[in-house]
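Observations on the model geometry
Next come the chains, spelled out residue by residue.
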Amino acid sequence: MQPKRKKLQIIVLFQNLGENNPYYAQSPAPPLPGLLLAALTPPIVDVEVLHEMVRPIDYSTDADAIALSFMDYLSPHAYAVAARFRSLGKVVIGGGKFASTFPEEVQPHFDSILVGEAQEVWPRMVEDLVAGRLQARYDAPLNSSLENIPPPRYDLAERVYATPMVTEATRGCPHPCTYCQLNIRRAPHRTRPIGDVIRDLTNTRGLPWHKRKMAMLLDNNLGGDLKYAKELLHEIARLRLWGLGAQFSIDALRDDAFVDALAAARCRMAFIGMESLEPASLADVQKKQNNVEEYREAFAKLHRLGILTFTGLMFALDEDSAAYYEQLPGLLDEVGTTVILPSIAIPLYGTPLYKKVVAEGRLEDTDLSHYEGDHLVFRHKHLSAEQVWNAYENVTMGFYTWRNILRRWWRFMRKQARTESLPGFAFRLLISTAIYLKLSIFQRHHAQIRIAGAHDLRVSSEHQARVGTQACAETQASAGHQASGKHQGEARSDAAPPDRDQERIREVA
Ligand code: B12
Ligand code: SF4
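Keep in mind that this is a model prediction, so the values were computed, not measured.

**A closer look at the overall build of the protein chain**
From N to C terminus, the protein chain includes 19 helices and 14 strands. By the burial criterion, 46% of the 509 residues in the protein chain qualify as buried. Residue pairs at least 24 apart in sequence account for 78% of intrachain contacts in the protein chain once pairs closer than 6 positions are excluded.

**Structural notes on unusual backbone geometry**
A positive phi angle is found at Q286, which is not glycine, with a value near 60°. Checked against the element boundaries, Q286 lands in the loop between α9 (279-284) and α10 (292-304). Judged by local crowding, Q286 falls into the partly exposed class, with 16 C-beta atoms found within 10 Å. You will see that A316, though not glycine, has its phi angle at about 75°, which is positive. Mapped onto the elements, A316 comes out in the loop between β13 (308-315) and α11 (322-335).

**Some thoughts on the sheet that holds strand β11 (residues 243-248)**
One open sheet holds the six strands; their spatial order is β7-β10-β11-β12-β13-β14, and the pairing between them is parallel. Pairing within the sheet leaves two strands with one partner each, and these edge strands are β7 (166-167) and β14 (339-344).

**A look at the environment of R296**
Note on placement: R296 falls in helix α10. Judged by local crowding, R296 falls into the partly exposed class, with 14 C-beta atoms found within 10 Å. Aside from chain neighbours lying at most four places away, what touches R296 is E334, V335 and G336.

**A few points about the site of ligand 2**
Around ligand 2 sit C173, H175, C177, C180, L182, N183, N220, N221, S249 and G273, and that is every residue in its neighbourhood. Partitioned by chemical class, the residues of the shell around ligand 2 number four nonpolar, six polar and no charged.

**Some points on the nonpolar core**
Membership of the largest hydrophobic core comes to 130 residues, with the highest contact counts inside it found for L13, L68, L262, A270 and V388. It is helix α13 (residues 385-399) that provides the largest number of residues to this core, a total of seven residues. Both of domain 1 (7-139) and domain 2 (162-452) provide at least three residues apiece to this core. Contacts of L262, omitting those with residues within four sequence positions, involve L233, A246, C267, A270 and I307.

**Some thoughts on the pairing of strand β5 (residues 112-115)**
On a regular strand, each side chain points to the face opposite its neighbour's, so the side chains alternate between the two faces of the sheet. Across the two faces of β5 the burial is the same, with S112 and L114 and I113 and V115 all buried. Handedness of the crossover joining β5 and strand β6 (residues 137-139) through helix α5 (residues 122-131) is recorded here as left-handed.

**With respect to the site of ligand 1**
Neighbouring ligand 1 are 41 residues; L32, S69, G95, S343 and G373 lie closest to it. Among the secondary structure elements, those contributing two or more residues to the shell around ligand 1 are α1 (33-40), β3 (65-69), β4 (91-95) and α3 (97-101). In terms of residue class, the shell around ligand 1 is made up of 23 nonpolar, twelve polar and six charged. Among the domains, domain 1 (7-139) and domain 2 (162-452) are the pair contributing at least three residues each to the shell around ligand 1.

**A word on α5**
Looking at α5, one finds that the buried residues are W122, M125, V126 and L129. Looking down the long axis of α5, one finds its buried residues gathered within 100° of arc, a one-sided arrangement. Exposed and oriented more than 90 degrees from the buried face of α5 are R124 and A131. Elements in contact with the buried residues of α5: α1, β3, β4, β5 and β6. Where α5 terminates, the next one or two residues include G132, which has phi positive at roughly 75°.

**A word on the environment of E117**
By the element assignment, E117 lies in the loop between β5 and α5. Note: C-alpha distance between E117 and S100 (17 residues apart in sequence) is 8.2 Å. Filtering out sequence-adjacent residues up to four positions away, E117 remains in contact with A140 and S144.

**What to know about the sheet that holds β4**
The six strands are arranged β2-β1-β3-β4-β5-β6 in an open sheet whose pairing can be described as parallel. The sheet is open, and its two borders are formed by β2 (46-51) and β6, each paired with just one other strand. Taking the axes of each pair of neighbouring strands and ignoring which way they run, one obtains an average angle of 20° across the sheet. With five bridges joining them, strand β1 (residues 7-12) and β3 adopt parallel strand pairing. Within β3, the residue paired with V12 across the bridge is S69. Across the sheet, α5 lies against β3, β4, β5 and β6, angled at about 170° from β5, the strand it touches most.

Reading the values: the criteria
- Residues numbered from 1 in each chain as written.
- Chains lettered and ligands numbered in written order.
- Predicted model: local features only at pLDDT ≥ 70, side-chain atom pairs only at ≥ 80, totals over all residues.
- Helix = DSSP H or I, 4+ residues; strand = E, 2+ residues; numbered from the N terminus.
- Buried ≥ 20, exposed ≤ 12 C-beta atoms within 10 Å, placed from the backbone.
- Contact = placed C-beta atoms within 7 Å.
- Pairing = 2+ DSSP bridges.
- Near = placed C-beta within 6 Å.
- Nonpolar A, V, L, I, M, F, W, Y, C, P; charged D, E, K, R; others polar.
- Core = buried A, V, L, I, M, F, W, Y, C linked by C-beta atoms within 7 Å.
- Domains from an automatic or database assignment.
- Right-handed = clockwise from strand over helix to strand, strands pointing away.
- Arc of directions from axis to C-beta.
- Axes fitted to C-alpha atoms, helices over the stretch in contact; angles between N-to-C directions.

Okay, here's the thing in structure tokens:
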């Protein structure tokens, strides 16, 4: 009798605020790792993908092995999920950004981990799994080749995703922003062969027709190599997509040929790390490529071409002041960005920002489940936790009132200049409206859920602030673990004990 074929389930974790009160993000597109790992999986096992962002984990799965993908703030949750699956007799493999940066911390929670990128190593891991010789740890080189990566398995994405076609063309970024994951252990900026990216965008097998025409490039910074980016966009233009999303740093917009290439490729959404309208705060985090004076015209350039701007906005940067927060709603209106992704600055473990905050004795909360952008985990240089919270809450909620959403939509529609036939222009307006509303609703929903939990968050941060003024970061590590918060329950029971946290701080600092 043939031995039973093994089944592998790949789970991309997300923070759902615990099992009793799950929150499902309304993101239009899935992240890439699950679909990519599935594509890299040799056909010796059955494979399925689950995004916790849109549906709960099924612990009664008949899969023999579970692969978990997670970023830093999800690590306590990942350890809990891994422990539960392991107690059910499953083999559990871990990977992703955090596992790649802190393998010693992560490995004990898993049967096996991958440190680094999957393309060169994952097929061998699956072979070893099937042959019963899985090792505890596999290491991929820091500059793994990006050639011949197969197209992601879009057909395995949950149907709720409006844009399942996600891929990346480049990896890495040349900029030194001190809070960025990429500046923990710098890898060279690399590009994929253009033919491979085009193959990804045309591999629409298994997708309904209306999802074959929209795609998203999830690069860290597509603008990291502008010559490559322009060539790629010219090839994408031939695909005549209905809409493309891309991410790049704002300096790329100084290159008009790049902007034209975006428009020709029918880019309809540009994610840009705007981060702050306070020049001193930008300078403090080494965001040298951002010039606040240029924002307005840079965004307007894109809006005229029907490309909406989805811009990151960070609170609690060290040079932020109460006066800046007061002016912020007006400043945002002036620069005219269409959608914002607000978050509180996160000193991700290992980043230069983290090292600075620790060195200055300002780290107050070491519960990694709080490193998701909705908690203030360090003491601000000039402002109280309350001031930061109020600004985060007021600016975000104010930005996403229905009135303001509609006002910005109307402004975006009026800005667009017609460069094509009338039906073509009408179609463009329709697509950009759909993307604008989908993104605004995603962000409004996230804000409402997070702000609805704000009382708990504030209680937590006030508690932190009180202890924070009395002790240095190392002695405060345990205080972070005692703070209350509705969504902390699940993670807390499995989070590393305080002494481990202190050890980790010392190692990284
Ligand atoms: C899409 C995206 C999102 C989406 C979806 C995220 C999700 N995971 O569900 C949204 C918009 C929701 C999001 C939100 C946030 N994000 Co985000 N996001 C991204 C983005 C642009 C793409 C992610 C992706 O698909 N990458 C491509 C994959 C293929 O890369 P990868 O994950 O490294 O995977 C490779 C390896 O690590 C490995 N691997 C990965 N998983 C596994 C698993 C196994 C088992 C194995 C063997 C291997 C393996 O193989 C892969 C291929 O080589 C990245 C930037 C980037 N390009 O990576 C930022 C990024 C992941 N985000 C980041 C951050 C900080 C956030 C926020 C916290 C920001 C904020 N302050 O609001 C929030 C979290 C909000 C929240 N409360 O949930 C950071 C991560 C930092 C970190 N280490 O935790 C990144 C890297 C951006 C950056 N440059 O700093 N994000
Ligand atoms: S520009 Fe973006 S991707 Fe590049 S280092 Fe800065 S934050 Fe990271």
